[in-house]
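# Analysis of the macromolecular model
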Amino acid sequence: VAFNRETGFILFVGEREDLQVAVDEGKLLKAAWCRTYTVPGVILPAFHDAHCHPFGAGNRNRRWPLAEDAHKKVFDDMERAKAVNVSECSDWNEVRKALTERWKSGAGGRGVGEVLFADGCKPEIMLALKSDAAAEIEKVLPDVPVVIVLCDNEAVAVSRSAMKLLLDEGF
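Residues numbered from 1 in each chain as written. Predicted model: local features only at pLDDT ≥ 70, side-chain atom pairs only at ≥ 80, totals over all residues. Heavy atoms only, no water.

## Examining the overall build of the protein chain
- Summing up its helical and strand segments, the protein chain has seven helices and six strands in all.
- Ordering the α and β elements of the protein chain from the N terminus gives β-β-α-α-α-β-α-β-α-α-β-β-α.
- Across the 171 residues in the protein chain, those meeting the buried criterion constitute 27%.
- Within the protein chain, contacts between residues separated by at least 24 positions form 54% of all contacts whose residues are at least 6 apart in sequence.
- Of the accessible surface of the protein chain, which amounts to about 12,000 Å², a share of 58% is contributed by carbon and sulfur atoms. (Helix = DSSP H or I, 4+ residues; strand = E, 2+ residues; numbered from the N terminus. Buried < 20%, exposed > 50% of the residue type's maximum accessible area, 1.4 Å probe, protein only. Contact = heavy atoms within 4.5 Å. Areas by Shrake-Rupley, 256 points an atom, 1.4 Å probe, with all protein chains shown as cover.)

What follows is the structure, encoded as structure tokens:
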């Protein structure tokens, strides 16, 4: 990402190599005060109110238009079919009960590895958990990574174990 310090405008988004080409070709000028950082993983800048929607963006990209991606669509459909449907749940107690029953039954519901996915949760249910949804989800199934997809497909709520799994995997 390259910014204009005076205007605050984003001038470039892309791979570091492409940025270097733009500088070498004179399309962008690297100022004397410019600093470069190399970081592991992905940087998600928050320009306005400190949030972004990588999950929703990923969902919008799940269209698999190319024939060579057909196996990805099959895998994706198979994993999503295993999710606990919580779209009919009207409150957190009902979501909690659905998650617990599915996990204890050992049937379906488990996605990649030992992660429990739930799909279709109403955003107001997660909002009612206040500031620490991760801790509340963790209380339901301790040490189980849980990912709850909200019905708008733009956001997820995850347990602390799910966050730990992401960090352990290097994300």
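Still more ground to cover, so stick around.
## Some thoughts on the pairing of strand β5 (residues 146-150)
- Counting buried residues in β5 gives five out of five residues, a clear majority hidden from the surface.
- Where burial is concerned, the two faces of β5 agree: the one with Val146, Ile148 and Leu150 and the one with Val147 and Val149 are both buried.
- Alignment of β5 against strand β6 (residues 156-158), held across three bridges, turns out to be antiparallel. Note on β6: the bridge partner recorded for Val147 is Val158. (Pairing = 2+ DSSP bridges.)

## Observations regarding the environment of Ala2
- Secondary-structure assignment places Ala2 in strand β1 (residues 2-3).
- We classify Ala2 as buried; its relative accessible area is 15%.
- Ala2 sits 28 residues away from Lys30 along the chain, and the two C-alpha atoms are 9.3 Å apart.
- Residues within four places of Ala2 in sequence aside, it is in contact with Phe9, Ile10, Leu11, Phe12 and Leu19.

## Some points on helix α4 (residues 92-105)
- Relative to the 20 Å expected for 14 residues at 1.5 Å per residue, α4 spans 20 Å between its end C-alpha atoms, a close match to the ideal helical length.
- Residues of α4 that are buried sit in contact with β3 (84-85), β4 (116-121), α5 (123-127), α6 (133-140) and β5.
- The opening residue of α4, the one whose side-chain oxygen lies 3.2 Å from the backbone nitrogen of Asn93, is Asp91. (Expected span 1.5 Å × (residues − 1). Polar contact = N/O pair within 3.5 Å; in protein donor to acceptor, adjacent residues only side chain to side chain.)

## Quick look at the packing of α4 against α6
- In the contact formed by α4 and α6, the axes pass within 10 Å of each other and the chain directions differ by 45°. Looking at the two axes, α4 sits oblique to α6. Of the two possible hands of crossing, α4 and α6 adopt the one that is right-handed. The segment α4 lies against α6, with Trp92, Arg96, Leu99 and Thr100 engaging Glu136, Ile137 and Val140. (Axes fitted to C-alpha atoms, helices over the stretch in contact; angles between N-to-C directions. Parallel < 35°, antiparallel > 145°, perpendicular 65-115°, else oblique. Left-handed = near helix turned anticlockwise from the far one by under 90°.)

## Brief notes about unusual backbone geometry
- Its identity as a non-glycine residue notwithstanding, Asp143 has a phi of 65°, on the positive side.
- Tracing the backbone through its elements, the reader meets Asp143 in the loop between α6 and β5.
- On the basis of relative accessible area, Asp143 is assigned to the exposed category, the value being 67%.

## Remarks on the pattern of salt bridges
- What the rule picks out here adds up to three salt bridges.
- When the shortest N-O distance is used, the salt bridge between Lys27 and Glu25 registers 3.0 Å.
- Glu101 is paired through a salt bridge with Lys97; the nearest N and O atoms lie 3.9 Å apart. With Glu101 and Lys97 both in helix α4, this residue pair falls four residues apart, about one helical turn.
- Using a relative accessible area of 47% as the deciding quantity, one classes Glu101 as partly exposed.
- Using a relative accessible area of 54% as the deciding quantity, one classes Lys97 as exposed. (Salt bridge = Lys/Arg side-chain N within 4 Å of Asp/Glu carboxyl O.)

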